[in-house]
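So you can see what is in the structure, the chains are spelled out below.
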Amino acid sequence: MKYPPFCDIIVIGFNSLNENDIKIQSKNIYEKLKTRLSEEFKVFAPMPSPIDKIQNRYRWRIIIKGKMNETANKILNEALQEVYEKDLKTTRITIDVNPNNMS
């Protein structure tokens, strides 16, 4: 089943005032990670978070399962750097490795 401690769960969280921005950015990152990460990683398609809106901010997430290593860390950083260079004012992105909860 690949659950911790045998692998890592990485949650990339997106939140924004504009739901369309989240859909576009999460899909872009998903496509990049799907092609760049090795077959050891399972990258799940972007989806709304269980609580999809808090204080007028929409929330989406991408879940990745696999053993986190230096190469995977570098690929994640490169994908996020491309988003940060776009300088989106209302979109925030977070990465949580082995989160305590999945909400």
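Anything mentioned here points back to the structure above.
Predicted model, so just to flag it, every value in this text is computed and none were measured.

Caption draft 1: Representation of the pairing of strand β3 (residues 47-54) in the model. Across four bridges, the pairing between β3 and strand β4 (residues 57-66) is antiparallel. Paired with Pro-48 across the strands is Trp-60, a residue of β4. A loop of two residues connects β3 with β4, the two strands running antiparallel in sequence, and Gln-55 in this loop sits at a positive phi of about 50°.

Caption draft 2: Molecular detail of the side chain of Arg-59. Note on placement: Arg-59 falls in strand β4. At 3.1 Å, the side chain of Arg-59 forms a polar contact with the backbone oxygen of Ile-51.

Caption draft 3: Structural context of the nonpolar core. Grouped together as the largest cluster of nonpolar side chains are 20 residues, with contacts concentrated most on Ile-12, Phe-14, Ile-29, Leu-33, Leu-37, Ile-62 and Ile-64. Elements represented by at least two residues in this core include exactly β1 (8-16), α1 (19-36), β4 and α2 (70-85). Among the elements that line this core, the one with the most residues is α2, at six residues. For Ile-12, the residues in contact, after removing those within four places along its chain, are Ile-29, Leu-33, Trp-60, Arg-61, Ile-62, Ile-64, Leu-76, Ile-93, Thr-94 and Ile-95.

Caption draft 4: Geometry of the pattern of salt bridges. Summed over all chains, the structure comprises two salt bridges. The salt bridge partner of Glu-82 is Lys-32, with a shortest N-O separation of 2.4 Å. Of this pair, Glu-82 sits in helix α2 while Lys-32 is found in helix α1, placing the two residues 50 residues apart along the sequence. Residue classification places Glu-82 among the partly exposed positions, given a relative accessible area of 26%. Close ionic contact of Glu-82 with Arg-36 constitutes a salt bridge, the shortest N to O distance being 3.1 Å. Highlighted residues: Glu-82 in helix α2 and Arg-36 in helix α1, separated in sequence by 46 residues. By relative accessible area, Arg-36 is classed as partly exposed at 35%.

Caption draft 5: Local environment of α2. Its 16 residues give α2 an end-to-end C-alpha distance of 22 Å, which sits within 8% of 22 Å, the value for a rise of 1.5 Å per residue. Where α2 is buried, its residues touch β1, α1, β4 and β5 (91-97). You can read the cap of α2 off the contacts: a side-chain oxygen lies 3.2 Å from the backbone nitrogen of Thr-71, and it is on Asn-69. Following α2 by one or two positions, Asp-87 adopts a phi angle in the positive range, close to 55°.

Quick notes on the rules
Residues numbered from 1 in each chain as written. Predicted model: local features only at pLDDT ≥ 70, side-chain atom pairs only at ≥ 80, totals over all residues. Heavy atoms only, no water. Pairing = 2+ DSSP bridges. Helix = DSSP H or I, 4+ residues; strand = E, 2+ residues; numbered from the N terminus. Polar contact = N/O pair within 3.5 Å; in protein donor to acceptor, adjacent residues only side chain to side chain. Core = buried A, V, L, I, M, F, W, Y, C linked by side-chain atoms within 4.5 Å. Buried < 20%, exposed > 50% of the residue type's maximum accessible area, 1.4 Å probe, protein only. Contact = heavy atoms within 4.5 Å. Salt bridge = Lys/Arg side-chain N within 4 Å of Asp/Glu carboxyl O. Expected span 1.5 Å × (residues − 1).

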